[in-house]
Amino acid sequence: MDDEAYFEYLLGTYQRLVYAICLKATKNQFDAEDLTQDVFIAVYKNLSTFDRNYEKAWISKIASNKCLDFLKSAKRRVQPAEEEMFLRLEDTRDTPEDAYLQKESKEYVYQVCQRLKEPYKTVATEHFYLEKTISQIAQEKGKNVKTIQTQVYRAKAMLKKTVKEERAICRK
């Protein structure tokens, strides 16, 4: 039997089996039909290298490999529905509650900074309330960066102590 006739025999004999394998794997009749065609294209291309004694096993193996390849690529191709996509987008804007809490926290930082003595009061206010960098403060004040670093470090320790004392009073 020549290759063309043998291919027709394989197609007639194993087409339903291959379709069943593909349908079971994909759970979609259209994908199963496409994969069945792909399997028989691969069979036709490799017919000359094929051992005719193991035709059922060979065709089944090609079908299962095609299905596995399809399923792997299908996971990468899945596009969320429009609604799903919008639900997955993260809202980075602050809620009114967040905005209020940030404002309140910032005001508290300002009030605590105002309780410190100079030069720590000014340095703490500029660094922790106005969120200026140490180098910006040093440049504006015309002072050495190390001096401002030391003042910020000490101011931070004083602020921690003040906040800790206030919390202890509130707990009583």
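Here, every reference points to the structure presented above.
Bear in mind that the values here come from a model prediction, so they are computed numbers and not experimental data.

(A) Inspection of the packing of aromatic side chains at higher detail. Summed over all chains, the structure comprises six aromatic pairs. Summarising the aromatic geometry, the rings of F50 and W58 are spaced 3.7 Å apart at their centres and angled 25° between planes, so their arrangement reads as stacked. Exposure remark for F50: the relative accessible area of 9% places this residue in the buried category. On the basis of relative accessibility, which here comes to 21%, the residue W58 falls in the partly exposed class. Taking 4.8 Å as the distance between ring centres and 50° as the angle between the ring planes, the aromatic pair formed by Y110 and Y129 counts as tilted. Taken together, the residues Y110 in helix α5 (residues 96-114) and Y129 in helix α6 (residues 120-129) connect sequence positions 19 residues apart. Its relative accessible area of 19% is what places Y129 among the buried residues. One aromatic cluster is present, formed by Y6, Y9, F50 and W58 through successive ring pairs. Over the ring of Y6 we find R52; its NZ or CZ atom is 3.9 Å from the centre of that ring. Over the ring of Y129 we find K106; its NZ or CZ atom is 5.2 Å from the centre of that ring.

Cut-offs used in this document
Residues numbered from 1 in each chain as written. Predicted model: local features only at pLDDT ≥ 70, side-chain atom pairs only at ≥ 80, totals over all residues. Heavy atoms only, no water. Phe/Tyr/Trp six-rings, centres within 6.5 Å; stacked < 30°, edge-to-face > 60°. Buried < 20%, exposed > 50% of the residue type's maximum accessible area, 1.4 Å probe, protein only. Helix = DSSP H or I, 4+ residues; strand = E, 2+ residues; numbered from the N terminus. Lys NZ or Arg CZ within 6 Å of the ring centre and 35° of its normal.

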